Amino acid sequence: MKYAPFGNSGMMVSTFVLGTVTFGGTHGFEKTGNVGVDDARRFIDMATEAGVNAIDTANIYSKGDSEKVVGEAVKGRRNDLLIFSKVRTTMGEGPNMAGASRAHIMGQIDESLKRLQTEWIDHYWIHQWDGVTPVEETVAVMDDLIRAGKIRSWGVSNYSGWQVAKTVMTARMLDATPPVAHQLNYTPEAREVEYEIIPAGRDLGVATQIWSPLGEGLLTGKIDRNNGPQPGTRQGNDWPEPHIVDTERLYRVIDVLKEVSGEVGRSVPQVVLAWLRERPGVHSIALGARSEDHLRDNLASIDLTLTEDQARRIEKAGRPPAIVPLWHRAMNGMDRVSEAEREYLEGYRETMGLD
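Parameters at a glance
- Residue numbers restart at each chain and count upward from 1, following the sequence in its written direction.
- Per-residue local features are limited, in this predicted model, to residues with pLDDT of at least 70; the limit for side-chain atom pairs, both in listing and counting, is 80 or more; totals at the level of whole chains, interfaces and linings are taken over all residues.
- Hydrogens and water are ignored here; the side-chain numbers use all heavy atoms of the structure.
- Helix numbers and strand numbers start at the N terminus; a helix is a DSSP run of H or I with at least 4 residues, a strand a run of E with at least 2.
- Two residues form a contact once any of their heavy atoms are found within 4.5 Å.
- Fitting a line to C-alpha atoms yields each axis, with helices limited to the stretch in contact; the angle taken between N-to-C directions then spans 0 to 180 degrees.
- Working definition: roughly parallel below 35 degrees, roughly antiparallel above 145 degrees, roughly perpendicular at 65 to 115 degrees, and oblique for all remaining angles.
- Each residue receives one of three labels: charged for Asp, Glu, Lys and Arg, nonpolar for Ala, Val, Leu, Ile, Met, Phe, Trp, Tyr, Cys and Pro, and polar for the others, Gly being one of them.
- Candidates for patches are residues over 30% relative accessible area with no salt bridge; among them, like charges are joined within 9 Å and nonpolar side chains (Val, Leu, Ile, Met, Phe, Trp, Tyr) within 5 Å.
- Computed by Shrake-Rupley with a 1.4 Å probe, the accessible areas treat only the displayed protein chains as cover when residues are assessed.
- For this document, the term salt bridge refers to a Lys or Arg side-chain nitrogen within 4 Å of an Asp or Glu carboxyl oxygen.
- Buried residues are those whose accessible area, probed at 1.4 Å on protein chains only, stays under 20% of the maximum for their type, while exposed residues exceed 50% and partly exposed ones sit between those limits.
- We call two strands paired when DSSP finds no fewer than two bridges between them.

As recorded by an unreviewed UniProt entry, the chain carries the name Aldo/keto reductase and is attributed to Jiella mangrovi.

Cis geometry is adopted by the peptide bond preceding proline 325, which originates at valine 324 and carries an omega value of 0°. Inspection of the secondary structure puts proline 325 in the loop between α10 (308–318) and α11 (326–332).

Turning to the side chain of arginine 349, a few remarks are in order. In this structure, arginine 349 sits in helix α12 (residues 342–351). Beyond its immediate stretch of four places on either side in the chain, arginine 349 contacts Ala330, Met331, Met334, Leu354 and Asp355.

Here we come to the packing of helix α5 (residues 161–173) against helix α6 (residues 197–204). Remark: α5 packs on α6, axes separated minimally by 8 Å, with the N-to-C direction vectors making an angle of 20°. One way to sum up the angle between α5 and α6 is to call them roughly parallel. Residue-level inspection shows Gly161, Val164, Ala165, Val168, Met169 and Arg172 of α5 in contact with α6, the latter providing Ile197, Ala200 and Leu204. Broken down by class, the residue content of the contact of α5 with α6 amounts to 7 nonpolar, 1 polar and 1 charged.

Turning our eyes to something else, we now look at a nonpolar patch on the surface. Taken together, Val324, Trp327, Met331 and Leu354 make up a surface patch of nonpolar side chains, about 360 Å² in accessible area. One can find valine 324 in the loop between α10 and α11. Judged by its relative accessible area of 62%, valine 324 falls in the exposed class.

Burial within strand β5 (residues 82–87) is extensive, with 6 of its 6 residues counted as buried. Alternating positions in β5 separate into two faces, Leu82, Phe84 and Lys86 on one and Ile83, Ser85 and Val87 on the other, with burial throughout. For strand β4 (residues 54–56) and β5, the ladder comprises 3 bridges, and the chain directions are parallel. The residue bridging isoleucine 55 from the neighbouring strand is isoleucine 83, located in β5.

Structure representation (structure tokens):
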């Protein structure tokens, strides 16, 4: 397991992080999993033995029950683990029970701390952009929480590129602590974040952490052109995510993943994680599992390194189309590119037949 500073911070975070959307399994999250405290302890044991040093949860996961499970499961070893949680999503009735406002965040942080049975959260995510609350207010309250010792760093999740940039630049102008990381969905098939979001983070020194690297169950190797999702799985339970933009691209990616899986003699999930681990700008990957076998298989991917040809084939199969202004920049602006965007522009040039 490798560790690296989390963006522009001194906090060292492992390549893999233990995700907990499967913890609890209540309040609408039954379809994701129902990991209880005893199983969670075993998951954490397995993860830490593999070198994982961080756990990622959220107040919305099972409406707080995931945080409760984490709090119970880490008793006696709180100082050995980093705990990440999130705020922003609706947590109750009333106009101030959602958002990235001071009114909502200041109430939710204390509730999360109680459920997690801790005095601080190591990293606190704004779970989604709030288009109503001024970004200055969000930045200020997160800075206040750091100064109060309730959180130690903060980040954003599911933001667009301009939203990441606006947040970082606002923090700098206010002389406040900026977000050190952003969390987003990224898989060999879901690649739209390469257009603007990952490059924005790379340019601004914001680390990228991936959630749901297996496409919420789509990229397990059990679903392909001829086989649909099985009952008992998240996709087989009519879970609404993710939105698939291009079904043919999905199957094309799955075809290549299965080819590479056969070549290396490892599972499709391990191939996916090995590919993502080496993508430009990726700092860490959150692994969510419904069973010990799933988690064990995912963790075992840490020693798998794909060949350059294998990684290139996966990249080409899932590469998103060149859109404005990226096709124009790839065609006419390669003389002055930043390193945050270079690899993606080179891919678009190949797609356009320019190389």
